[in-house]
Amino acid sequence: MLTIIWWGTWTRVAHEKAITVDNSIADSKNIAAIVASNLNEVLGRATRYSQIARSMMEGDSSAALQLNPTRDGERAYLRIAVFDQKGNLIESSANRRSEPELLQLVSMARSDQFGTLQDNQLIVGKPARDDRLAWRVPILIPFTSSLQGRGFFTAVIDLGYFLQLYKDVKLGDAGRIEVFTQDGYQLAELNGAMLSGGVDFSTSDFGKSLRHAEDGVINTKRLGMPLEDIGVLRRLQSYPLFVVVTHDQDYLMSRLADRHHDYLWRAIAVSIALVLLLCGLLMVATRQRRLYNVLTASEQEKRNLISQLEQEKTRALLQASHDYLTGVPNRRLFYEIAATEISRAKRSRKLYALFFLDLDKFKLINDTLGHAVGDLLLQGVARRLRESLREYDLLARLGGDEFVILISEMASEGDVARLAAKLVEVVRAPFIDLDGNDVEVSPSIGIALYPRDGQNVETLLTHADFAMYSAKSAGAATYRFFDTSLNASSARETELLGRFKRAIRDDEFCLHYQPRVELQEFTVVGLEALIRWQHPEHGLIYPNDFISLAENNDLIVLLGRWVIDAACRQLAAWCAQGLPVVPVAINVSSRQLKDGALLETVMTTLEKYQISPDLLEIEVTESCFIEDFDTANKVLEQLQKRGVKIALDDYGTGFSGLKNLKNLPIYAIKIDRSFIRDIRNDNSDAVIVASTISLAHNLGLKVVAEGVESKEQLVHLKTAGCDQVQGFYFQRPVAASEMGRLLQRRKFRP
Ligand SMILES: Nc1nc2c(ncn2[C@@H]2O[C@@H]3COP(=O)(O)O[C@H]4[C@@H](O)[C@H](n5cnc6c(=O)[nH]c(N)nc65)O[C@@H]4COP(=O)(O)O[C@H]3[C@H]2O)c(=O)[nH]1
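Residues numbered from 1 in each chain as written. Predicted model: local features only at pLDDT ≥ 70, side-chain atom pairs only at ≥ 80, totals over all residues. Heavy atoms only, no water.

You'll find the chain entered in an unreviewed UniProt entry as Bifunctional diguanylate cyclase/phosphodiesterase, with Herminiimonas aquatilis given as the organism.

Put into structure tokens, the structure is as follows:
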């Protein structure tokens, strides 16, 4: 683009210059033609004067009078003189006696210095060496008169005067009009108003070139001139002279300069604009490029991230579906695959068997040899089991030392039994050098068969679990098929019972705490201690699974003591931490009330931990009073007297009409959560709760609603006038370590 602009500009400039030069040449040609024509005319008059001179020499006496250029107004002729053939002056227009300047020319003519002369031939002489008037040129025309023979007409012509007539022609400072003789002698030069002349170029290149030049354009550069000059030469029609007109090139070009500067500036401006535009475009392009690169990079990064995420996902899925320790499927994957297998089994006539395998005394190994050995053992067991099974049998680890195996497509129960026996033996074989220890372990396997013992995975698993307990009861290191006569729960209970005392001793139990919140300011006014069993093999076991077991096996008193001790210990610990403690309620069962030592246990424990009695509350259920009203009443009254508050738990599920309560040593009732669950939808529940609250208040009892899970229930209870609530809505039961912050804060936002 820039090239085009500059090429266009230069072409235009050059074109205009060429046109100007052409115009100047045409102009010069016109001027040269005019000057040559006029000079021709001036010299033509010399021919006429020479004829008058001839008449004069032939005796025409009046002719002399006509040889007077001044009288004719002929101002280009300064003087006229006539000479005879001997060189005598016959006539002078200036009335001079001698004309030495002109005589010299006559003498040269007579001595044939101009060659053989012809009549009427114009001889142009060189002016006398006088720079001031160098343009005054002597001329001579020979003629022949009939009386006196040869005569010479001479004159001095003022070419300066002649050229001055053109002084207004604009040719520029160095422009000029010149008159030359044929051999390159410059007779006169008009340069502006300046006249000069008398320069002999005959020996210079310029002079030589003039000699053969035709009419038209010539290079008028001469020695000492730096530049070419374009001149136009025009020969005189009748005389051996020519006129050269030269325009001043600088002058011509200077007339174009403004316009050309304008072109130049425009070209520069457009170029700058273009360059700026280009730079702008370049910057935009660079920015775009950079943005593109950034985008590409971020796209790449995104792609990497996605593939990383996909890898993570695959890994997570693998982790989520496989047991990290043994690498076999975990419970989740087992359920998925087993469900598909069972649905396939429905179309098969073959037997499917689900093995529930548990290692006997695994905890002992863990406790004595350490977890590292325990882990290696589990890995070894998994490996052996896997190696003993067919490829399409499904082995999974449920957790701890529990493995399950889904055996598919077995021909008979006998085959299943043989496989189970083989697995027992395989696992029983010693494990050598587990972290430096040789370990022996035996498995107990429970077997449930499809379709006989269950139609789905859950049932089969439960029944295999029962069968496994049965195998353990049978002395372990064996297998058992599920038998409907098996009492599953008793098998588990038997196992739990087996380690109950040790669990109390080993502190496998712990207390979780749930806050009780009053409904005016939503302040925590108490905590309920709820027992949990952190079973090393079965995980966290909730009280419903072992409280009745403890009650039925005379262990509840022992357990109760542990609870009293643990609650007081915890209160003391919170106090020691400087936490603002609130009363902690513990659950006491009817069997504990019958224990004569309860009062003493409570009081000594309080004393042991330096806990004020009003920081301990006791929750009893209605059943306590049913079984042995007097004893319960007595013990509780004594406790109450010593400052321990009593609340009636699970209210509504038992016998008590409210009127029966008025004689009991209680300060509050806790409405069972079964009434609260549907309080918003079940009108009768709402009525029971509302009337309970109002009657309890009439008896001076506080009312606590249990199992509050939603805001709607909360609003309803608050509107009904309930004093306090407890439930998942505010807080699920949590470990003591998590209670510290709540005790600090003490308040909930509803
Ligand atoms: N669905 C639902 N449940 C809620 C909500 N808020 C609390 N709960 C649950 O309701 C039970 C309240 O205790 P509880 O009625 O005394 O009923 C207790 C109590 O009777 C007994 N128990 C707990 N700890 C002890 C103890 O140390 N000694 C004795 N003898 N019995 C205990 O075991 C029962 C069950 O205790 P947990 O399983 O801990 O169950 C707790 C608690 O987790 C709720 O919003 N929704």
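Attention shifts here to the packing of aromatic side chains. For the coordinates displayed, the defined rule picks out 23 aromatic pairs. Ring geometry for Phe162 and Tyr166: centres 5.7 Å apart, planes at 70°, overall edge-to-face. This pair shows no difference in class: Phe162 is buried, exactly as Tyr166 is. By way of ring pairs, the aromatic residues Phe500, Phe509, Trp533, Phe546 and Trp562 are connected into one cluster. Cation over ring: Arg384 sits above Phe431, and NZ or CZ is 3.5 Å from the ring centre. (Phe/Tyr/Trp six-rings, centres within 6.5 Å; stacked < 30°, edge-to-face > 60°. Buried < 20%, exposed > 50% of the residue type's maximum accessible area, 1.4 Å probe, protein only. Lys NZ or Arg CZ within 6 Å of the ring centre and 35° of its normal.)

As a further point, take helix 10 (residues 371–388). Here helix 10 spans 25 Å end to end across 18 residues, near enough to the 26 Å set by a 1.5 Å rise per residue. Inspection of helix 10 places Val373, Gly374, Leu377, Leu378, Gly380, Val381, Ala382, Arg384, Leu385 and Ser388 among the buried residues, and these make up the whole buried set. (Helix = DSSP H or I, 4+ residues; strand = E, 2+ residues; numbered from the N terminus. Expected span 1.5 Å × (residues − 1).)

What follows concerns the pairing of strand 14 (residues 394–399). Residues in a regular strand point their side chains to alternate faces of the sheet. Judged by how many residues are buried, strand 14 sits mostly within the fold: five of six residues are covered. Pairing of strand 14 with strand 15 (residues 402–410) involves five bridges; the strand directions are antiparallel. Counterpart to Leu395 in the pairing with strand 15 is Ile405. Counted along the chain from strand 14 to the antiparallel partner strand 15, the turn is two residues long, and its residue Gly400 has a positive phi close to 50°. (Pairing = 2+ DSSP bridges.)

A cluster of like negative charges, contributed by Asp433, Asp435, Asp438 and Glu440, occupies part of the molecular surface. Inspection of the secondary structure puts Asp433 in strand 16 (residues 431–434). A relative accessible area of 52% places Asp433 in the exposed class. (Patch = residues over 30% accessible without salt bridge, like charges linked within 9 Å, V, L, I, M, F, W, Y side chains within 5 Å. Areas by Shrake-Rupley, 256 points an atom, 1.4 Å probe, with all protein chains shown as cover. Salt bridge = Lys/Arg side-chain N within 4 Å of Asp/Glu carboxyl O. Lys, Arg positive; Asp, Glu negative; His and termini not counted. Charge placed at Lys NZ, Arg CZ, Asp CG, Glu CD.)

This part covers the pattern of salt bridges. On inspection of all chains with the given rule, the structure shows 32 salt bridges. One salt bridge in this structure joins Arg12 and Glu16, with 3.9 Å as the shortest N-O distance. Of this pair, Arg12 and Glu16 both sit in helix 1 (residues 2–57), four residues apart, which is roughly one turn of that helix. A residue is classified by how much of its surface remains accessible, and Arg12, at 45% relative accessible area, is partly exposed. A relative accessible area of 13% places Glu16 in the buried class. Across the pair Asp323 and Arg397 runs a salt bridge, and its minimum N-O distance is 3.0 Å. Here Asp323 is found in the loop between helix 7 (249–321) and helix 8 (331–345), whereas its partner Arg397 is found in strand 14, with 74 residues between them in sequence.

Let us look at the site of the ligand. Surrounding the ligand, one finds 21 residues, the nearest of these being Arg532, Asp649, Arg673, Glu709 and Phe728. The contact in question runs from an oxygen atom of the ligand to an N or O atom on the side chain of Arg532, over 2.7 Å. Side-chain polar atom of Arg673 to an oxygen atom of the ligand: 2.6 Å apart, as the coordinates give it. Elements with a minimum of two residues in the shell around the ligand: strand 21 (524–535) and strand 25 (645–651). Per-element tally for the shell around the ligand: the top contributor is strand 21, with four residues. Counted by class, the shell around the ligand contains eight nonpolar, six polar and seven charged residues. (Near = heavy atom within 4 Å. Polar contact = N/O pair within 3.5 Å; in protein donor to acceptor, adjacent residues only side chain to side chain. Nonpolar A, V, L, I, M, F, W, Y, C, P; charged D, E, K, R; others polar.)

On to unusual backbone geometry. The omega angle of the peptide bond from Tyr450 to Pro451 is 5°, so this bond is cis rather than trans. Mapped onto the elements of the fold, Pro451 is located in the loop between strand 18 (443–450) and helix 12 (457–473). A positive phi is found at Asn120, a non-glycine position, where the angle reads about 65°. Its location among the elements puts Asn120 in the loop between helix 4 (100–110) and strand 3 (123–124).

Our focus in this paragraph is the nonpolar core. Counting 85 residues, the largest nonpolar core has Phe509, Trp574, Ile618, Val620, Leu639, Leu717 and Val725 as its most contacted members. Considering each element in turn, this core owes the most residues, 11 residues, to helix 16 (residues 556–576). What Val620 contacts, discounting residues up to four positions off in sequence, is Val588, Leu593, Phe625, Leu636, Ile646, Ala647, Leu648 and Asp649. Counting 51 residues, the second largest nonpolar core, distinct from the first, contains Ile31, Val42, Leu171 and Tyr185. (Core = buried A, V, L, I, M, F, W, Y, C linked by side-chain atoms within 4.5 Å. Contact = heavy atoms within 4.5 Å.)

The next subject is the confidence of the model for the chain. Of the residues in the chain, 95% have a pLDDT of 70 or more, and the chain-wide mean is 88. Between the elements of the chain, mean pLDDT differs from a low of 72, seen in helix 13 (residues 488–498), to a high of 98, seen in strand 23 (residues 584–587). The ipTM for the predicted assembly is 0.96, set against a pTM of 0.45. (pLDDT = per-residue confidence, 0-100.)

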